Amino acid sequence: MSTHSAVPVSLAEIARIAGVGRAAVSNWRRRHDSFPSRIGGTDVSPQFSLAEVERWLKENGKLKDIGGREFLWPRFEALGSRDESGLAIAEAARRMRSPRTRTPSPALPADVRQLVGEAAALGRVEGPRETFEFLLQRWLETHVRQLSTTPTPLAALMTRIALDACTSGPRENLTVFDPACGTGHLAAATCQEYGSSPLTVLGCERDPALAALAAARLDFVTQDRDVRTEIATADALRDDPFAGAQADIALCNPPFNERDWGYEELATDQRWTHGLPPRTEPELAWVQHLLSHLKPGGAAVVLLPPAVASRRAGRRIRGSLLRTGALRAVVALPPGSAQPHSVSLQLWVLKAAPDSPSAAAPVQDALMVDATGFGRPGTREPGPDWEALSAFVLSALADIDHPDVEPPENAVRVPLLDLLDDEVDVTPGRYTASRAEPSGMELATTWKELGSLLTGLTGHVQQLSGLDFETQAPQTIATVGDLVKAGALTLRAGQQPVRSESSPGDTDVPLLTVADLLMDGTPGATVPAGTAQTVVEAGDVVIAGVVRAFRAWVHQGPPTALGPQLYALRVDPEKVDAHFLAGCLRAPANGRQAGTHASSSSRVDIRRLHVLQLPLEEQATYAEAFRRLRDFEALLDRASAVGKGLADDVSDRLAAGGLTP
């Protein structure tokens, strides 16, 4: 392709094109003088000419049969503008579906039109839908910091909740509404979950590129289906293109925390039947917008940040939503369910009143569901356990309109009298936590566990207190640097991981950082296997070289990459016992003497750490004592945690009354 000589690609892109790992590309670059020269970037993140890379791969037999999509994407990425590349992908999709179309959008420059034509031609060869989904996914990954999408499992869950809750009439010819549809994740999920019955999808998106991509996606999803779709490009709050239209179900993942949502010009809007949303509560404007478009008995599910449930400014509107029965349930999701991944987002389940007041009993409660326990912290799996999460939420909401049915654990029906206080806080955890009050049997089990831990501590106290420290001449000391020079150890420093442009793969290894140690010690990220990273294996000694996190231990478990200020020591087992070494190194006095400054943020000079010089057979005795000491520390921590939790539980039970005289 001579048309992409100036298109830059990174090492990660070359790896994708060649179908290999990034380490393999780095090896090619070192071993082959003919490998293309860098045309941009930095020494750490170099960039190369796509045309030269393609030619080199072909000449050296490194190009696998992966199709033309990987070569196509860098050219879209090189357009630079997010909007221009998004509109180009949408136009290519339109031409893939309509081969006779010969006139691309006049808003696209001539060079982009050529790219659109080549993409459309490739799509007709390699599969139009597959090619479009590939380009769309790469576009979303590239601009992930600028876009907020709804993950596919969450979109499916929201759709199923709305379909189950909807009582607007027969399940045929449903109308689905999404006033902030983005690239169409929720609308596409509805088409896939609903089945083959006729369906009308109404969507609105103010960003032209996102609206065009949503329309293109739905064209593929609804192919050979009786589905009518209409995607409007407009600001749904300020200029509603579907004013007066009513839907059976509404789904929305609205923009969060936007102050400029139209507060002044919409002050007298008729949609605010529950009150004018304060300037700081744009999410409550979206909630009322959804309700205004529901048919009687229709249902809406909206994804919201947790602050909407408790902010003081919105309490009047929340109270009105509860009193009228519009807000039927709130579901707290585990962190990581959607952007922003660090917070526990919520699903609000809304319902419009049925046609006849006698169709349902007056609403007396709202369902609070706490699903935050379905996260997977400390694992390499991204996001929550979607299968278990979805099953739990759907089960909890299955009888949303049947107050006589007891919800499952971690879900509770809260009477309106308890909700309509001065705060009108609808945060699920505030109400489900009270149901976790331990029973007498559970308290007895915990007391037994604490007693067992204390018995174990007593045993360790007896063993450790029996250690005999005789007064003798000072022992010979060596430093880690001395042992490295003598060949008894090899020392490797952890490194700052190179940012990966690919999604986590099956061969990735956990990455441990100092920040992880200061939390719970669980690796919080992964890095691709084979990259230039320091990886420890079982039996290696790991040292944290920062005073505030100083510690040393023998690594057990799977291979793990180390971040900056962490160090790996691999021992010669014929010279040094790993547990003996770790025990010597982690002595607090050792860390203090090797610190470079007095503050807690100072570093520890690993090479200056002291190690006793003892024959290997004598090291074993010390290693066993060090192991006992570690077990003692672990039991002490566990007993402290169990004892503190037990004291809290008993305190709650006492404060609740019912103590037998």
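Residues numbered from 1 in each chain as written. Predicted model: local features only at pLDDT ≥ 70, side-chain atom pairs only at ≥ 80, totals over all residues. Heavy atoms only, no water.

**Here's the deal with the confidence of the model for the protein chain**
- Per-residue confidence for the protein chain averages 84 on the pLDDT scale, and 90% of its residues sit at or above 70.
- Across residues 499-506, confidence stays below pLDDT 50; counting only partners more than four residues off in sequence or on other chains, it has 11 contacts. (pLDDT = per-residue confidence, 0-100. Contact = heavy atoms within 4.5 Å.)

**Re the sheet that holds strand S19 (residues 551-554)**
- Spatial ordering of the open sheet is given by S14-S21-S18-S19, a layout of 4 strands whose pairing is antiparallel. Of all the strands in the sheet, the pair left with one neighbour each is strand S14 (489-493) and S19. The mean inter-strand angle of the sheet, taken between neighbouring strand axes irrespective of direction, is 20°.
- Summarising the sheet, strand S18 (residues 541-544) and S19 pair through 4 bridges and their orientation is antiparallel. What sits directly across from Val541, in S19, is Val554.
- Here helix H19 (residues 578-585) sits on the sheet in contact with S14, S18, S19 and strand S21 (566-571), set at roughly 170° to S19. (Pairing = 2+ DSSP bridges. Helix = DSSP H or I, 4+ residues; strand = E, 2+ residues; numbered from the N terminus. Axes fitted to C-alpha atoms, helices over the stretch in contact; angles between N-to-C directions.)

**Let's talk about the pattern of salt bridges**
- With the rule as written, the count across this model stands at 30 salt bridges.
- Asp269 is the partner of Arg271 in a salt bridge, and the nearest nitrogen-oxygen pair spans 2.8 Å.
- We classify Arg271 as buried; its relative accessible area is 11%.
- Across the pair Asp421 and Arg430 runs a salt bridge whose closest N-O atoms are separated by 3.7 Å.
- With relative accessibility at 31%, the residue Asp421 sits in the partly exposed group.
- Each of the salt bridges in this network shares a partner with another, and the network as a whole consists of Arg328, Lys351, Asp365, Asp401 and Arg413. (Salt bridge = Lys/Arg side-chain N within 4 Å of Asp/Glu carboxyl O. Buried < 20%, exposed > 50% of the residue type's maximum accessible area, 1.4 Å probe, protein only.)

**Notes on the environment of Gly373**
- With respect to the element layout, Gly373 can be found in the loop between strand S11 (365-370) and helix H13 (386-397).
- Taking C-alpha positions, Gly373 is 8.4 Å from Leu333, a pair spaced 40 residues apart along the chain.

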